[in-house]
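# Structural features, examined
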Amino acid sequence: MTTVEDFHAHHDDWPWNPPRPGRATFHYLILVTEGVLRHDVDHVTRTVAPGQWLWVRAGHVQCWHDPSTARGPFVLFEPEVLRPDTAHLLTPLTSHDAPAVLTPHPDDAPWLEQTAFQLLDEHRALGRRPLAAHHALRCSLLETLLLRLAHSPGLSDPPANAGTGASAGSPRSASAGGTAGRRHIYERFLDALELHFRELHRVDDYAQMLGCSVRTLSRAARTATGKGAREIIDERRLLEARRLLDHAGWSAREVAAHLGFTDAANFGRFFRHHTGLNPAAYRARQAVPDS
């Protein structure tokens with residue numbers, strides 16, 4: 001736990017001069033209280049204004065711009081710090097495709113800022129109380145902060161069966177009618193996709209896993225996003241390929257094997273179809289800093 005201004009002061013020009021992309025293994029969460037913060041998340045530059053939050057989730061490729069004009073609390077935490085029941089409630093907020101920039105509901109904004117600064121105070125107060133109580137209080141404040149942030153506009157509601165006796169795979173939850181039922185199927189599809197996108201690539205694979213028809217799954221995906229299930233699968237594989245080529249420096253052959261392509265040539269055709277570049281040209285372009 002720190003602040004953007006302290007982070008900038010302690011790190012001089014690292015890691016923004018020159019820009020150094022990195023893949024986060026933990027969550028970066030920043031509230032901007034003054035100035036403007038620019039930050040790249042998965043190769044897209046985000047602009048964060050006062051009152052907004054930036055969330056770089058574990059697994060995202062991120063790159064700093066000079067943050068010298070921005071101020072505000074800066075929280076870093078590992079996914080494992082959240083209790084399982086809280087992590088379940090926060091699924092819409094922690095999923096890899098959740099918005100990187102969040103604008104809280106006006107009623108929650110002042111309380112979120114207050115909680116963030118309480119967390120900062122507790123972090124800096126090591127020794128004020130017994131270590132176990134200090135750690136428990138930090139975790140409690142973090143969960144309070146995240147649960148409030150989870151109600152920001154633009155985020156999905158928690159799964160429809162959260163807190164009920166119906167299990168995620170039960171016929172009652174899977175057969176719910178209308179938009180709510182399709183939304184539930186889509187959320188289960190995203191969970192399955194995040195676990196299996198490396199080895200399962202057909203819509204039929206996921207439909208069988210979820211116990212529904214391909215048509216039902218495709219309708220659920222299109223209702224939620226306007227995209228077909230196949231497009232969502234391809235987008236997730238492409239995102240991982242870009243992350244590995246750019247930050248990890250893997251070869252096309254290594255990425256192809258990791259993502260379940262039959263060979264590097266097949267992966268190259270897939271990548272070129274979606275980006276207009278072959279993997280080598282993409283990596284070379286990413287290595288050239290912006291002027």
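Note that this is a predicted model, so its numbers are computed, not measured.

## Brief notes about the sheet that holds strand β4 (residues 37-41)
Strand pairing in a sheet takes place through backbone hydrogen bonds and is either antiparallel or parallel in direction. Pairing is antiparallel in the open sheet, where four strands are placed in the order β2-β7-β4-β5. Each edge of the open sheet is held by one strand with a lone partner, namely β2 (22-23) and β5 (44-48). Two elements, β4 and β5, share five bridges in a ladder whose sense is antiparallel. In the sheet register, V41 faces β5, and the bridge partner there is V44.

## Thoughts on the pairing of strand β7 (residues 61-64)
Here β7 shows no split at all, with V61 and C63 on one side and Q62 and W64 on the other all buried. As paired strands, β2 and β7 are joined by two bridges and run antiparallel to one another. The partner of G22 across the bridge, within β7, is Q62. Pairing between β4 and β7: three bridges, direction antiparallel. Pairing of V41 across the sheet is with Q62, part of β7.

## Focus on the layout of surface pockets
In this structure, the largest pocket occupies an estimated 820 Å³ of space. Lining the largest pocket we find 37 residues, and of these T91, T94, S95, H96 and D97 sit closest to its centre. With seven residues, helix α7 (residues 178-196) is the single largest residue contributor to the lining of the largest pocket. Of the residues in the lining of the largest pocket, the class split is 14 nonpolar, ten polar and 13 charged.

## With respect to the pairing of strand β6 (residues 53-56)
Burial along β6 is two-sided: W53 and W55 facing one way and L54 and V56 facing the other are all buried. For strand β3 (residues 27-31) and β6, the ladder comprises four bridges, and the chain directions are antiparallel. Among the inter-strand pairings, Y28 is bridged to a residue of β6, identified as V56. Here two bridges tie β6 to strand β9 (residues 101-102), and the two strands are oriented antiparallel to one another. Within the sheet, the bridge partner assigned to L54 lies in β9 and is V101.

## What about the pattern of salt bridges?
If you walk through the whole model with that rule in mind, you get 17 salt bridges. With its nearest N and O atoms 2.9 Å apart, the salt bridge here joins R129 to E122. You can call R129 partly exposed: its relative accessible area is 30%. Put simply, E235 and K227 hold a salt bridge, and the shortest N to O gap is 3.0 Å. A residue is classified by how much of its surface remains accessible, and E235, at 33% relative accessible area, is partly exposed. Within this structure, R23, D42, E194, R236, E240 and R243 form a network of salt bridges that share partners.

## Side note on the packing of α7 against helix α8 (residues 203-210)
Contact geometry for α7 and α8: axes closest at 10 Å, N-to-C directions at 115°. Here α7 and α8 pass one another in a crossing that is right-handed. Judged by residue contacts, I185, R188, F189, A192, L193 and H196 of α7 engage Y206, M209 and L210 from α8. Looking at the contact of α7 with α8 residue by residue, the class counts come to seven nonpolar, one polar and one charged.

## What about unusual backbone geometry?
For D42, which is not glycine, the phi dihedral falls at a positive 50°. Checked against the element boundaries, D42 lands in the loop between β4 and β5. Note on D42: relative accessible area 10%, which makes it buried. Residue H43 is not a glycine yet carries a positive backbone phi of 75°. If you trace the backbone, H43 turns up in the loop between β4 and β5.

## Digging into helix α4 (residues 109-124)
The periodicity of an α-helix, 3.6 residues per turn, causes residues three or four positions apart to be oriented the same way. With 16 residues, α4 should reach 22 Å at 1.5 Å per residue; the first-to-last C-alpha distance of 23 Å fits that figure. What α4 keeps buried is the set L112, T115, A116, L119, L120 and E122. Projected down its long axis, α4 shows its buried positions confined to an angular sector of 165°, all on one face. Tucked into the core, α4 has its buried residues touching β1 (2-3), β6, β8 (73-77) and α5 (131-149).

What counts, and at which threshold
- Residues numbered from 1 in each chain as written.
- Predicted model: local features only at pLDDT ≥ 70, side-chain atom pairs only at ≥ 80, totals over all residues.
- Heavy atoms only, no water.
- Pairing = 2+ DSSP bridges.
- Helix = DSSP H or I, 4+ residues; strand = E, 2+ residues; numbered from the N terminus.
- Buried < 20%, exposed > 50% of the residue type's maximum accessible area, 1.4 Å probe, protein only.
- 1 Å grid on protein atoms, 1.4 Å probe; cavity = no way out; pocket = protein on both sides within 12 Å on 5 of 7 lines; lining within 4 Å.
- Points joined across faces, edges and corners; volume = space filled by probe spheres on them.
- Nonpolar A, V, L, I, M, F, W, Y, C, P; charged D, E, K, R; others polar.
- Salt bridge = Lys/Arg side-chain N within 4 Å of Asp/Glu carboxyl O.
- Axes fitted to C-alpha atoms, helices over the stretch in contact; angles between N-to-C directions.
- Left-handed = near helix turned anticlockwise from the far one by under 90°.
- Contact = heavy atoms within 4.5 Å.
- Expected span 1.5 Å × (residues − 1).
- Arc of directions from axis to C-beta.

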